[in-house]
Amino acid sequence: MKVKINNREYEFDKEMSILDAVKSAHIKIPTLCYSEKLEPFGSCRLCSVEVKGERTLKPACVTKITDGMEIFTHSEKVRKTRKTIMELIVASHGITCNLNCLTCSKSNSCEIKEIAGEIGITEIRVPPISNGLAEDKSSYSIVREPQKCIVCNRCVRKCAEVQSVNILTIANRGPNTYVTTFMDKGMGNVDCTNCGQCILECPTGALHEVYHTEQVWNVLSDKDKFVIVQTAPAVRVAIAEEFGAEPGRITTKQMVAGLRLLGFDKVFDTNFSADLTIMEEANEFIERFKDGGKLPLFTSCSPGWIKFIEHNYPEFIDNLSTCKSPQQMFGAIAKTYYANKIGVPREKMVVVSIMPCTAKKFERVRPEMKGDVDYVLTTRELAKMFKLAGIDLLNLPAEDYDIPLGISSGAAAIFGATGGVMEAALRTAYEAITGKELEKLDFESVRGIKGIKEATIAIDGIKVNVAVVNGLGNARKVLEMIKNGEKEYHFVEFMACPGGCIGGGGQPIPTNNEILLKRMEAIYEVDKSLPIRKSHENPAVKALYEEFLGEPLSEKSHELLHTTYVARS
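Let me begin by describing the structure that accompanies this report. The shown structure was predicted, so the numbers you read here are calculated from the model rather than taken from an experiment.

### Comments concerning the overall build of the chain
Looking only at helices and strands, the chain has 18 helices and 17 strands in total. Relative to the globule expectation of 25 Å for 569 residues, the C-alpha radius of gyration of the chain, 25 Å, shows essentially globular dimensions. Taking the principal axes of its C-alpha atoms as reference, the chain extends roughly 80 × 55 × 45 Å. Counting across all 569 residues of the chain, residues that qualify as buried make up 59%. In the chain, 73% of the contacts between residues at least 6 apart in sequence involve partners at least 24 apart. By element, 50% of the accessible surface of the chain is carried by carbon and sulfur atoms, the whole surface being about 23700 Å². Computing the positive centroid from 71 side-chain charges and the negative centroid from 74, the chain places the two 5 Å apart.

The following block contains the structure:
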């Protein structure tokens, strides 16, 4: 069909929205409620355009092109309307002396500020409109600030369409409309998984993580504390984005140097305990597989996934691996084995985690594991601490992690991407079962950002059916298929966030598919660059078993490294 855009003719061979047609003509229309990953909603009307012959402006995101249509994207009428809409949005955003851009979590990535500049806003004629709603601080992971919410609905749709969790909703109508949770109970009192995908979607800073930065500054200043830090695999390929670098830049060693400058006594790697997780989980799988235990075995690294299954599919709890996540395993080992090794009393040791994940903040206070980890900082929070300390991350010298809890393998590095835990487990399980060395370490069939991946792996003549799932909406689909007998797997990796940890709710914003792929590529680059690429070959993990744990699945391992789960209503 032929369509004129700003008096220039274009041809399109399929039906599409005006917004997509205009994009293909390399013209940008401002949007706020629109997100490429979500169904169009058409509520903010910022994308309105003029269509010849139509009495009113049309929202470009929900209006389809038709043959012969003539569209004007930036006519005088359109520009004036957008300015008025934007002034009303800014007024409803509730900016005051106490609530302003200087203190906002989105001060460096605010979509409202960016769009106001694009539209040419130079004054706000409408005074701030307060909705009178209080902050929601009921969650251990996420804070809601309804005063900043512009009711674009993106968080509601992300939670429903992508994650299938549905804990956010819209209440009331007209100017009294607001986003809330069931019965206004607060995010900590509903079935929230704490995944933080709503934070990544929010354009205004109305949603952000529960900050632990002040507590970490305080313990770093306390001379009576021995403060150690662990860094998750996905952080090293993303934190550079907060300093203006291209996605996928690897800054592992610069990050280590920066953490020492902040004052941490020792800088360790969560990858060490990811290797430990594989030792326990791979042996747990082998034991269940050989002895007729509960299968399929579900991985347990992702705390958002764990809370999802506890709320929604408690009948599958026995399928979960009993292994703690690498974060919690690290804390348990640091406060026993390592504390004893260096002669530091447990009560003086403080364990801080740097995670791409907001759900880790909830995980650390679960009664089953409380005390392993003291504070959790997201990738974004660590970047803020570096900036506050004047640390120029990108130009720091390269430094290595401390030993022994800083030694790790390539198998541990790929935990950061969807499919990584499965691939790492297969590398170890294959060699443990067959006694032979794997000829090819890369299991390409479980890689990539596709939501559900399946493979059949032949191990010593036995066919093992595996699946890799990322995003909770996909997790629900797979669980329903298993429940209905449509699929038979032996081992399934589940990650709450799209893309796995590289797309976690604590990662730099924006996080989209293009950025996920670059971070994922960097993760596999880290794997290939390391001299050790299998968890069972990690010398520090071997020493841990020889000196302290005995063997995988030993009584000591179960005491420190394994956990239980609860069915939640």
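There is more to say after this.
### Describing the sheet that holds strand β14 (residues 375-378)
Note: strands within a sheet are paired through backbone hydrogen bonds, in either parallel or antiparallel orientation. The four strands lie next to each other as β11-β10-β13-β14, forming an open sheet whose pairing is parallel. Taken across any chain shown, the strands that pair with only one partner, and hence form the sheet edges, are β11 (266-269) and β14. Across the sheet, the mean angle from the axis of one strand to that of its neighbour is 25 degrees, orientation sign disregarded. Two elements, strand β13 (residues 349-355) and β14, share four bridges in a ladder whose sense is parallel. Bridge pairing in β14 places Ile354 opposite Leu377. Its contacts with the sheet place helix α6 (residues 213-221) against β10 (226-231), β13 and β14, and it is angled at close to 120 degrees to β14. Packing of helix α12 (residues 379-388) onto the sheet brings it into contact with β13 and β14, and relative to β14 it is tilted by some 85 degrees.

### Examining the pairing of strand β17 (residues 491-495)
With five of five residues buried, β17 lies mostly within the body of the structure. Both faces of β17 are covered, namely the face carrying Phe491, Glu493 and Met495 and the face carrying Val492 and Phe494. Bridge analysis of strand β12 (residues 297-298) against β17 gives two bridges, and the strand direction is parallel. From the neighbouring strand, Leu297 faces β17, where its bridge partner is Phe491. Where strand β16 (residues 462-470) lies against β17, five bridges are found, and the strand directions are parallel. From the neighbouring strand, Ala467 faces β17, where its bridge partner is Val492.

### Observations concerning the sheet that holds strand β1 (residues 2-5)
Pairing within the open sheet is mixed, and its five strands lie in the order β2-β1-β5-β3-β4. The sheet is open, and its two edges are formed by β2 (8-11) and β4 (58-59), each paired on a single side. The sheet contact formed by strand β3 (residues 48-51) and β4 spans two bridges and is antiparallel. Residue pairing in the sheet places Ser48 in a bridge with Pro59 of β4. Most of the contacts of helix α2 (residues 76-92) go to β3, to which it runs at about 155 degrees, and overall it touches β3 and β5 (70-72).

### What about the environment of Thr428?
Within the secondary structure layout, Thr428 lies in helix α14 (residues 420-434). Using a relative accessible area of 5% as the deciding quantity, one classes Thr428 as buried. Counting along the chain gives 86 residues from Thr428 to Glu514, while the straight-line C-alpha distance between them is 31 Å. Thr428 has contacts with Ile278, Ala282, Ser535 and His536, leaving out every residue within four places of it along the chain.

Rules of the game
For every chain, the first residue of the written sequence is number 1, and numbering continues from 1 along that sequence. Note on the predicted model: pLDDT of at least 70 is required for a residue's local features to be given, and 80 or more for side-chain atom pairs to be given and counted; whole-chain, interface and lining totals, by contrast, use all residues. Note: side-chain values were computed over all heavy atoms of the structure, leaving out hydrogens and water. The secondary structure listing takes helices from DSSP runs of H or I that are at least 4 residues long and strands from runs of E that are at least 2 residues long, numbered from the N terminus. Taken over C-alpha atoms, the radius of gyration is set against a globule rule of 2.2 Å times the number of residues to the power 0.38. Any residue under 20% of the maximum accessible area for its type is buried, any over 50% is exposed, and the rest in between are partly exposed; the area is computed with a 1.4 Å probe on protein chains only. Contacts were defined at the residue level, with two residues in contact if any of their heavy atoms lie within 4.5 Å. Each accessible area value is a Shrake-Rupley result obtained with a 1.4 Å probe; residue values ignore everything except the protein chains displayed when judging cover. Here Asp and Glu are counted as negative and Lys and Arg as positive; His is not counted, and neither are the chain ends. To locate a charge, take NZ of a lysine, CZ of an arginine, CG of an aspartate or CD of a glutamate. Any two strands with at least two DSSP bridges between them are considered paired. For helices, the fitted line uses only the C-alpha atoms of the stretch in contact; every axis is such a line through C-alpha atoms, and the angle between N-to-C directions lies from 0 to 180 degrees.

The quantities given are spatial measurements derived from coordinates; they are silent on function.
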